[in-house]
Amino acid sequence: MSNEQFDKQSKALREFFIFTYFKTKECENNHNDLIQNILKKAYNDATMMGAYNTLLNKELSDKSYSAYCKATKLIMGEIYNVKVNRSTQESFDKWHKKTCGKIIDCYDGVNSNKSIFTYGNAQKWLNMALKYLWLLGALPNDIKEERLHAPIDSYILQKLRNLKAEGVTCSADTFYYKGNSWSKISDYNDYFDLQKVIRVMAKQGGKPVIEQENEAWIEMAIERKRSLAHKRETKGVKYET
């Protein structure tokens, strides 16, 4: 394959990925729409498979949508905030914690009884938005690949469980950290403890955290697919017997 053919295929793959995942095309005058759709996809990652949307009735759904719009604007502003200091891992971590707190604050008042949008939801939304930008090679100049956090979800908890990480447990194919599923993590320190474990794992592998997470996520997705296929085959054999 010539360099020209490779470039054409890479461009076609990028265009297909962007349209399939974010329902838009990448062009100079469409940047804001692309970012908005990236944030929407990341939001779905943070809520659709978690417990958040199962807690919403019609009234709360309307309030949640208003909070979503407010938080989307906030996240976009924070990611592209040229005045914030993210020049070191420590400063990036402080920015990350503060931003997650601001995201949760957007949801104050959605439910008067308790906060239903957790640090688990907030970290997944912010981290997935940054991961998508990383995959597209579109991170802001001051956000470096090596400083990104791993999005915490059930796949990553499963990987950590396989590695016998302290505090990670499994029950009925659901994975928990300190007794909470990822979407129920309400303490940022608990979330950050997981990041520390992942950083050790990434350092041992000689890779940035986000790259290590990406490989681990794919590995666990394949493992689950095979496990599900095996269970179906086993059920089929039992049924026939």
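Scroll up a little and you will see the structure.
On a predicted model such as this, the values are computed, not experimentally measured, just so you know.

Parameters at a glance
- Residues numbered from 1 in each chain as written.
- Predicted model: local features only at pLDDT ≥ 70, side-chain atom pairs only at ≥ 80, totals over all residues.
- Heavy atoms only, no water.
- Patch = residues over 30% accessible without salt bridge, like charges linked within 9 Å, V, L, I, M, F, W, Y side chains within 5 Å.
- Areas by Shrake-Rupley, 256 points an atom, 1.4 Å probe, with all protein chains shown as cover.
- Salt bridge = Lys/Arg side-chain N within 4 Å of Asp/Glu carboxyl O.
- Helix = DSSP H or I, 4+ residues; strand = E, 2+ residues; numbered from the N terminus.
- Core = buried A, V, L, I, M, F, W, Y, C linked by side-chain atoms within 4.5 Å.
- Buried < 20%, exposed > 50% of the residue type's maximum accessible area, 1.4 Å probe, protein only.
- Contact = heavy atoms within 4.5 Å.
- Phe/Tyr/Trp six-rings, centres within 6.5 Å; stacked < 30°, edge-to-face > 60°.
- Expected span 1.5 Å × (residues − 1).
- Pairing = 2+ DSSP bridges.

Enquirer: Honestly, a nonpolar patch on the surface in this entry has me stumped. Any pointers?
Expert: A cluster of nonpolar side chains, contributed by Trp 217, Ile 218 and Ile 222, occupies part of the molecular surface with about 250 Å² of accessible area. Examined against the element boundaries, Ile 222 turns out to sit in helix H8 (residues 209–240).

Enquirer: What should I look at first to understand the nonpolar core in this one?
Expert: Soluble globular proteins tend to bury their nonpolar side chains together. Membership of the largest hydrophobic core comes to 60 residues, with the highest contact counts inside it found for Tyr 107, Trp 125 and Leu 130. Examining the composition of this core, we find that 10 residues originate from one element, helix H5 (residues 119–135), more than from any other. The contact partners of Trp 125, leaving out residues within four places of it in the chain, are Leu 39, Ala 42, Tyr 43, Ala 46, Tyr 68, Ala 71, Thr 72, Ile 75, Ile 103, Tyr 107 and Phe 117.

Enquirer: Is there a simple way to think about the packing of aromatic side chains in this case?
Expert: Geometry of an aromatic ring pair is reported as the spacing of the ring centres plus the angle between the planes. The full count for this structure, using the stated rule, is 11 aromatic pairs. Judged by centre distance (5.5 Å) and plane angle (70°), the ring pair of Tyr 119 and Tyr 188 falls under edge-to-face. Of this pair, Tyr 119 sits in helix H5 while Tyr 188 is found in helix H7 (residues 188–205), placing the two residues 69 residues apart along the sequence. An aromatic cluster of three or more residues is present, and its members are Tyr 43, Tyr 65, Tyr 68, Tyr 107, Phe 117 and Trp 125.

Enquirer: Help me understand helix H4 (residues 89–105), please; the structure alone is not making it clear to me.
Expert: Note: α-helices contain 3.6 residues per turn, so residues at a spacing of three or four share the same orientation. For H4, spanning 17 residues, the distance from its first C-alpha to its last is 24 Å, which sits close to the expected 24 Å at 1.5 Å a residue. Listing the buried residues of H4 in full gives Ser 91, Phe 92, Asp 93, Trp 95, His 96, Thr 99, Cys 100, Gly 101, Ile 103 and Ile 104.

Enquirer: Just checking my understanding: could you explain the pairing of strand S1 (residues 168–171) for this structure?
Expert: Strand direction decides the pairing type here: S1 and strand S2 (residues 174–177), joined by four bridges, are antiparallel. Counted as the bridge partner of Val 168 is Tyr 177 from S2.

Enquirer: Help me understand the pattern of salt bridges in this model?
Expert: It is possible for side chains of opposite charge to pair when their charged atoms get near one another. According to the stated counting rule, one finds 12 salt bridges in the structure shown. Salt-bridge contacts for Glu 78 lead to Lys 102; the nearest nitrogen and oxygen are separated by 2.9 Å. Highlighted residues: Glu 78 in helix H3 (residues 58–79) and Lys 102 in helix H4, separated in sequence by 24 residues. We note a salt bridge from Lys 94 to Glu 90, for which the minimum N-O separation is 3.7 Å. On the criterion of helical spacing, the pair formed by Lys 94 and Glu 90 is a turn pair, its members being four residues apart in helix H4. Glu 90 shares its class with Lys 94; the two are exposed. One salt-bridge network, held together by shared partners, links Lys 178, Asp 190, Asp 193 and Lys 196.

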